Amino acid sequence: MDPKFIQKIKDHIIQFADEKFGDIKREPVLSEDKILFLDTILDYSDNLARKEKEQIIQAIMYVQTALDIHDFVSIHSYKHDQINQQKQMNVLVGDLLSGKFYHNLSRVEYIDLIEVIAGAIRTINERKMMIYHSDIHSIEHLIEEMKEVESAIVIHVAEYFKMTEHHDVIKNWLLMKRLFLELKTYAQEQKSAVITLLSQSNNEDDVIRMVENMIPGIMIRLESLIQSLPLHLNELRMFLMNELKRISQKQGILLEEG
(Lines give C-alpha, C1' and ligand atoms only; values in the text may rest on other atoms or scores of the structure.)
Protein backbone atom coordinates (compact mmCIF):
# COMPACT_ATOMS: atom_id res chain seq x y z
CA MET A 1 0.00 0.00 0.00
CA ASP A 2 2.36 2.68 -1.23
CA PRO A 3 0.49 5.97 -1.76
CA LYS A 4 3.50 7.42 -3.57
CA PHE A 5 3.48 4.54 -6.07
CA ILE A 6 -0.26 4.96 -6.69
CA GLN A 7 0.19 8.70 -7.21
CA LYS A 8 3.11 8.06 -9.55
CA ILE A 9 0.93 5.88 -11.78
CA LYS A 10 -1.82 8.52 -11.82
CA ASP A 11 0.58 11.38 -12.54
CA HIS A 12 2.22 9.45 -15.38
CA ILE A 13 -1.04 8.85 -17.23
CA ILE A 14 -2.40 12.36 -16.65
CA GLN A 15 0.88 13.87 -17.79
CA PHE A 16 0.85 11.77 -20.96
CA ALA A 17 -2.71 12.84 -21.82
CA ASP A 18 -1.83 16.43 -20.99
CA GLU A 19 1.23 16.47 -23.24
CA LYS A 20 -0.68 15.06 -26.21
CA PHE A 21 -3.91 17.00 -25.68
CA GLY A 22 -3.12 19.90 -23.38
CA ASP A 23 -6.42 21.68 -24.01
CA ILE A 24 -8.59 18.73 -22.97
CA LYS A 25 -11.32 20.04 -20.67
CA ARG A 26 -12.04 16.78 -18.86
CA GLU A 27 -9.06 15.35 -16.99
CA PRO A 28 -9.04 11.53 -16.89
CA VAL A 29 -10.49 10.16 -13.66
CA LEU A 30 -8.17 7.40 -12.44
CA SER A 31 -9.30 4.85 -9.87
CA GLU A 32 -6.79 4.66 -7.02
CA ASP A 33 -8.61 1.55 -5.84
CA LYS A 34 -7.95 -0.31 -9.09
CA ILE A 35 -4.27 0.67 -8.93
CA LEU A 36 -4.22 -0.58 -5.32
CA PHE A 37 -5.71 -3.97 -6.23
CA LEU A 38 -3.42 -4.35 -9.25
CA ASP A 39 -0.42 -3.49 -7.07
CA THR A 40 -1.47 -6.15 -4.56
CA ILE A 41 -1.96 -8.78 -7.27
CA LEU A 42 1.41 -8.14 -8.88
CA ASP A 43 3.20 -8.03 -5.51
CA TYR A 44 2.57 -11.77 -5.19
CA SER A 45 3.80 -12.60 -8.69
CA ASP A 46 7.06 -14.51 -9.01
CA ASN A 47 10.07 -13.03 -10.81
CA LEU A 48 8.44 -9.67 -11.47
CA ALA A 49 10.82 -6.75 -11.11
CA ARG A 50 9.57 -3.44 -9.73
CA LYS A 51 9.97 -1.71 -13.10
CA GLU A 52 8.04 -4.48 -14.88
CA LYS A 53 5.24 -4.21 -12.34
CA GLU A 54 5.06 -0.48 -12.84
CA GLN A 55 4.92 -0.85 -16.64
CA ILE A 56 2.19 -3.49 -16.44
CA ILE A 57 0.03 -1.41 -14.08
CA GLN A 58 0.54 1.68 -16.21
CA ALA A 59 -0.49 -0.27 -19.31
CA ILE A 60 -3.61 -1.63 -17.65
CA MET A 61 -4.61 1.79 -16.32
CA TYR A 62 -4.09 3.31 -19.77
CA VAL A 63 -6.71 0.99 -21.23
CA GLN A 64 -9.02 1.31 -18.19
CA THR A 65 -8.91 5.09 -18.50
CA ALA A 66 -9.55 4.85 -22.26
CA LEU A 67 -12.66 2.75 -21.58
CA ASP A 68 -13.88 5.25 -18.98
CA ILE A 69 -13.39 8.19 -21.35
CA HIS A 70 -15.21 6.45 -24.22
CA ASP A 71 -17.95 5.47 -21.79
CA PHE A 72 -18.39 9.08 -20.67
CA VAL A 73 -18.75 10.22 -24.29
CA SER A 74 -21.28 7.51 -25.21
CA ILE A 75 -23.39 8.14 -22.10
CA HIS A 76 -23.59 11.92 -22.38
CA SER A 77 -23.22 12.65 -26.11
CA TYR A 78 -26.94 12.74 -26.77
CA LYS A 79 -27.32 15.52 -24.22
CA HIS A 80 -24.36 17.66 -25.23
CA ASP A 81 -24.32 18.06 -29.01
CA GLN A 82 -23.23 21.67 -28.60
CA ILE A 83 -19.79 20.53 -27.42
CA ASN A 84 -19.12 18.09 -30.26
CA GLN A 85 -15.51 19.22 -30.64
CA GLN A 86 -14.80 18.40 -26.99
CA LYS A 87 -16.38 14.94 -27.42
CA GLN A 88 -14.12 14.28 -30.38
CA MET A 89 -11.12 15.33 -28.28
CA ASN A 90 -12.12 12.91 -25.52
CA VAL A 91 -12.46 10.07 -28.04
CA LEU A 92 -9.00 10.83 -29.43
CA VAL A 93 -7.50 10.81 -25.95
CA GLY A 94 -9.20 7.48 -25.25
CA ASP A 95 -7.81 6.00 -28.47
CA LEU A 96 -4.35 7.32 -27.68
CA LEU A 97 -4.42 5.78 -24.20
CA SER A 98 -5.44 2.44 -25.71
CA GLY A 99 -2.43 2.64 -27.99
CA LYS A 100 -0.15 3.23 -25.01
CA PHE A 101 -1.55 0.07 -23.40
CA TYR A 102 -0.34 -2.08 -26.30
CA HIS A 103 2.97 -0.23 -26.47
CA ASN A 104 3.71 -0.67 -22.77
CA LEU A 105 2.87 -4.38 -22.63
CA SER A 106 4.99 -5.07 -25.71
CA ARG A 107 8.01 -3.89 -23.69
CA VAL A 108 7.69 -6.55 -20.99
CA GLU A 109 7.66 -10.35 -21.07
CA TYR A 110 3.95 -10.65 -20.35
CA ILE A 111 2.79 -10.30 -23.97
CA ASP A 112 -0.03 -12.80 -23.36
CA LEU A 113 -1.54 -10.28 -20.94
CA ILE A 114 -2.75 -8.40 -24.01
CA GLU A 115 -5.15 -11.26 -24.80
CA VAL A 116 -6.24 -11.40 -21.14
CA ILE A 117 -7.10 -7.69 -21.17
CA ALA A 118 -8.77 -8.08 -24.58
CA GLY A 119 -10.99 -10.73 -23.01
CA ALA A 120 -11.86 -8.35 -20.19
CA ILE A 121 -12.71 -5.62 -22.69
CA ARG A 122 -15.02 -8.01 -24.58
CA THR A 123 -16.78 -8.82 -21.30
CA ILE A 124 -17.12 -5.12 -20.48
CA ASN A 125 -18.51 -4.23 -23.91
CA GLU A 126 -21.01 -7.09 -23.86
CA ARG A 127 -22.31 -6.06 -20.44
CA LYS A 128 -22.41 -2.38 -21.40
CA MET A 129 -24.56 -3.29 -24.40
CA MET A 130 -26.96 -5.03 -22.02
CA ILE A 131 -26.95 -2.02 -19.68
CA TYR A 132 -27.40 0.74 -22.25
CA HIS A 133 -29.65 -0.99 -24.79
CA SER A 134 -31.84 -3.24 -22.66
CA ASP A 135 -35.46 -2.23 -22.13
CA ILE A 136 -35.39 -3.74 -18.65
CA HIS A 137 -33.62 -1.52 -16.15
CA SER A 138 -34.45 -2.96 -12.75
CA ILE A 139 -32.04 -1.66 -10.16
CA GLU A 140 -30.94 -5.18 -9.22
CA HIS A 141 -30.12 -6.07 -12.82
CA LEU A 142 -28.27 -2.82 -13.50
CA ILE A 143 -26.23 -2.95 -10.29
CA GLU A 144 -25.19 -6.55 -10.93
CA GLU A 145 -24.08 -5.70 -14.46
CA MET A 146 -22.26 -2.61 -13.19
CA LYS A 147 -20.42 -4.69 -10.60
CA GLU A 148 -19.05 -6.94 -13.33
CA VAL A 149 -18.12 -4.02 -15.59
CA GLU A 150 -16.29 -2.11 -12.84
CA SER A 151 -14.15 -5.07 -11.80
CA ALA A 152 -13.68 -6.94 -15.10
CA ILE A 153 -10.13 -5.88 -15.93
CA VAL A 154 -8.81 -6.28 -12.37
CA ILE A 155 -10.48 -9.69 -12.01
CA HIS A 156 -9.07 -10.93 -15.34
CA VAL A 157 -5.58 -9.84 -14.27
CA ALA A 158 -6.02 -11.52 -10.87
CA GLU A 159 -7.02 -14.78 -12.56
CA TYR A 160 -4.02 -14.55 -14.90
CA PHE A 161 -1.66 -14.25 -11.92
CA LYS A 162 -3.64 -16.92 -10.01
CA MET A 163 -4.78 -14.53 -7.27
CA THR A 164 -8.41 -15.47 -6.70
CA GLU A 165 -8.82 -15.10 -2.94
CA HIS A 166 -10.17 -11.55 -2.99
CA HIS A 167 -12.47 -11.49 -6.03
CA ASP A 168 -15.59 -10.74 -3.98
CA VAL A 169 -13.79 -7.98 -2.11
CA ILE A 170 -12.66 -6.38 -5.38
CA LYS A 171 -16.13 -6.58 -6.96
CA ASN A 172 -18.02 -5.18 -3.98
CA TRP A 173 -15.41 -2.54 -3.15
CA LEU A 174 -15.35 -1.14 -6.68
CA LEU A 175 -19.15 -1.26 -6.84
CA MET A 176 -19.42 0.69 -3.59
CA LYS A 177 -17.02 3.34 -4.87
CA ARG A 178 -18.88 3.58 -8.21
CA LEU A 179 -22.22 4.14 -6.47
CA PHE A 180 -20.72 6.86 -4.29
CA LEU A 181 -19.28 8.45 -7.44
CA GLU A 182 -22.63 8.35 -9.22
CA LEU A 183 -24.38 10.05 -6.29
CA LYS A 184 -21.64 12.68 -6.05
CA THR A 185 -21.76 13.35 -9.81
CA TYR A 186 -25.53 13.71 -9.72
CA ALA A 187 -25.37 16.10 -6.76
CA GLN A 188 -22.77 18.27 -8.49
CA GLU A 189 -23.83 18.11 -12.15
CA GLN A 190 -27.45 16.92 -12.05
CA LYS A 191 -26.55 13.97 -14.27
CA SER A 192 -25.40 10.42 -13.66
CA ALA A 193 -25.20 7.39 -15.95
CA VAL A 194 -26.83 5.06 -13.43
CA ILE A 195 -29.54 7.44 -12.25
CA THR A 196 -30.37 8.43 -15.84
CA LEU A 197 -30.81 4.79 -16.89
CA LEU A 198 -32.87 3.83 -13.87
CA SER A 199 -35.02 6.94 -14.17
CA GLN A 200 -36.36 5.69 -17.51
CA SER A 201 -38.71 3.40 -15.60
CA ASN A 202 -38.64 4.93 -12.09
CA ASN A 203 -39.08 8.33 -10.48
CA GLU A 204 -35.70 10.06 -10.23
CA ASP A 205 -36.00 10.81 -6.50
CA ASP A 206 -36.96 7.19 -5.85
CA VAL A 207 -33.93 6.01 -7.83
CA ILE A 208 -31.58 8.16 -5.75
CA ARG A 209 -33.09 6.76 -2.55
CA MET A 210 -32.79 3.19 -3.87
CA VAL A 211 -29.10 3.69 -4.68
CA GLU A 212 -28.47 5.31 -1.31
CA ASN A 213 -30.24 2.45 0.46
CA MET A 214 -28.14 -0.19 -1.31
CA ILE A 215 -24.81 1.16 -0.09
CA PRO A 216 -25.03 0.21 3.62
CA GLY A 217 -25.77 -3.42 2.72
CA ILE A 218 -22.77 -3.52 0.40
CA MET A 219 -20.56 -2.02 3.12
CA ILE A 220 -21.70 -4.52 5.74
CA ARG A 221 -21.03 -7.36 3.29
CA LEU A 222 -17.61 -5.87 2.57
CA GLU A 223 -16.77 -5.77 6.26
CA SER A 224 -17.30 -9.53 6.48
CA LEU A 225 -15.45 -10.24 3.22
CA ILE A 226 -12.45 -8.12 4.20
CA GLN A 227 -12.16 -9.76 7.60
CA SER A 228 -12.09 -13.14 5.87
CA LEU A 229 -9.12 -12.33 3.63
CA PRO A 230 -6.23 -14.82 4.00
CA LEU A 231 -3.21 -14.08 6.16
CA HIS A 232 -0.86 -13.27 3.28
CA LEU A 233 -3.20 -10.39 2.35
CA ASN A 234 -3.12 -8.96 5.84
CA GLU A 235 -1.73 -5.59 4.70
CA LEU A 236 -4.58 -5.22 2.22
CA ARG A 237 -7.09 -6.33 4.84
CA MET A 238 -5.92 -3.73 7.36
CA PHE A 239 -5.89 -0.95 4.77
CA LEU A 240 -9.39 -1.73 3.48
CA MET A 241 -10.86 -2.11 6.97
CA ASN A 242 -9.49 1.26 8.03
CA GLU A 243 -10.76 2.87 4.83
CA LEU A 244 -14.18 1.21 5.20
CA LYS A 245 -14.48 2.52 8.76
CA ARG A 246 -13.47 6.00 7.61
CA ILE A 247 -16.12 5.96 4.88
CA SER A 248 -18.80 4.60 7.23
CA GLN A 249 -18.12 7.35 9.77
CA LYS A 250 -18.18 10.02 7.09
CA GLN A 251 -21.47 8.70 5.67
CA GLY A 252 -23.02 7.94 9.07
CA ILE A 253 -23.39 4.25 8.24
CA LEU A 254 -23.19 1.74 11.12
CA LEU A 255 -21.16 -1.39 10.41
CA GLU A 256 -21.61 -4.70 12.22
CA GLU A 257 -18.80 -3.90 14.64
CA GLY A 258 -20.54 -0.66 15.49
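Residues numbered from 1 in each chain as written. Predicted model: local features only at pLDDT ≥ 70, side-chain atom pairs only at ≥ 80, totals over all residues. Heavy atoms only, no water.

Draft legend 1. A look at the packing of aromatic side chains. Counted under the stated rule, the structure contains one aromatic pair. Ring geometry for Tyr160 and Phe161: centres 4.8 Å apart, planes at 90°, overall edge-to-face. In this structure, Arg50 is placed above the aromatic ring of Phe5, and the distance from its NZ or CZ to the ring centre is 4.4 Å. The ring of Phe5 carries Lys53 above its face, with NZ or CZ at 5.2 Å from the centroid. (Phe/Tyr/Trp six-rings, centres within 6.5 Å; stacked < 30°, edge-to-face > 60°. Lys NZ or Arg CZ within 6 Å of the ring centre and 35° of its normal.)

Draft legend 2. Local environment of the environment of Leu233. Tracing the chain through its elements places Leu233 in the loop between α9 (204-227) and α10 (234-251). Using a relative accessible area of 1% as the deciding quantity, one classes Leu233 as buried. With 189 residues separating them in the primary sequence, Leu233 and Tyr44 have C-alpha atoms 9.6 Å apart. Once you skip the residues sitting within four places of it in the chain, Leu233 turns out to touch Thr40, Tyr44, Met163, Glu165 and His166. (Helix = DSSP H or I, 4+ residues; strand = E, 2+ residues; numbered from the N terminus. Buried < 20%, exposed > 50% of the residue type's maximum accessible area, 1.4 Å probe, protein only. Contact = heavy atoms within 4.5 Å.)

Draft legend 3. Representation of the confidence of the model for the chain within the structure. Confidence along the chain averages 80 in pLDDT terms, with 76% of residues attaining 70 or more. The secondary-structure element of the chain with the lowest mean pLDDT is helix α4 (residues 84-105), recorded at 52, while α10 shows the highest, at 94. Scored below 50 in pLDDT, residues 72-94 shows 33 contacts in the model against residues more than four places distant or in partner chains. (pLDDT = per-residue confidence, 0-100.)

Draft legend 4. Inspection of the nonpolar core at higher detail. Core analysis: the largest hydrophobic core is formed by 74 residues, its most contacted members being Ile153, Val157, Trp173, Met176, Met219 and Ile226. The dominant element in this core, judged by the number of residues it contributes, is helix α6 (residues 139-160), at 11 residues. In this structure Met219 touches Met176, Phe180, Leu244, Ile247, Ser248, Ile253 and Leu255, once residues within four positions along its chain are discounted. (Core = buried A, V, L, I, M, F, W, Y, C linked by side-chain atoms within 4.5 Å.)

Draft legend 5. Focus on α9. Its 24 residues give α9 an end-to-end C-alpha distance of 36 Å, which sits within 8% of 34 Å, the value for a rise of 1.5 Å per residue. Among all positions in α9, only Val207, Ile208, Val211, Ile215, Ile218, Met219, Leu222, Glu223, Leu225 and Ile226 are buried. Buried residues along α9 sit in contact with α6, α7 (167-189), α8 (193-198) and α10. Capping of α9 at its N-terminal end is provided by Asn203; its side-chain oxygen lies 2.9 Å from the backbone amide nitrogen of Asp205. (Expected span 1.5 Å × (residues − 1). Polar contact = N/O pair within 3.5 Å; in protein donor to acceptor, adjacent residues only side chain to side chain.)

Draft legend 6. Geometry of unusual backbone geometry. Positive phi is not limited to glycine here, since Lys162 has a value of about 60°. Summarising the element assignment, Lys162 is placed in the loop between α6 and α7. By relative accessible area, which is 70% here, Lys162 ends up exposed.

Draft legend 7. Inspection of helix α2 (residues 32-43) at higher detail. Between its first and last C-alpha atoms α2 spans 16 Å; for 12 residues at 1.5 Å apiece the expected length is 16 Å, and the two agree. Across the 12 residues that make up α2, a large majority, 10, are buried. Among the residues making up α2, those that are buried are Asp33, Lys34, Ile35, Leu36, Phe37, Leu38, Asp39, Thr40, Ile41 and Leu42.

Draft legend 8. Layout of the pattern of salt bridges. In this structure the tally under the stated criterion is 14 salt bridges. With its nearest N and O atoms 4.0 Å apart, the salt bridge here joins Lys147 to Glu144. Of this pair, Lys147 and Glu144 both sit in helix α6, separated by three residues, roughly a single helical turn. Of the residues examined, Lys147 reaches a relative accessible area of 15% and is grouped as buried. Residue Lys171 is joined to Glu148 by a salt bridge in which the shortest nitrogen-to-oxygen separation is 3.4 Å. Taken together, the residues span a long stretch of sequence, with Lys171 in helix α7 and Glu148 in helix α6 at a distance of 23 residues. Residue Lys171 shares its accessibility class with Glu148, and that shared class is buried. Here the salt bridges do not stand alone but share partners, grouping Lys34, Glu150, Arg178 and Glu182 into one network. (Salt bridge = Lys/Arg side-chain N within 4 Å of Asp/Glu carboxyl O.)

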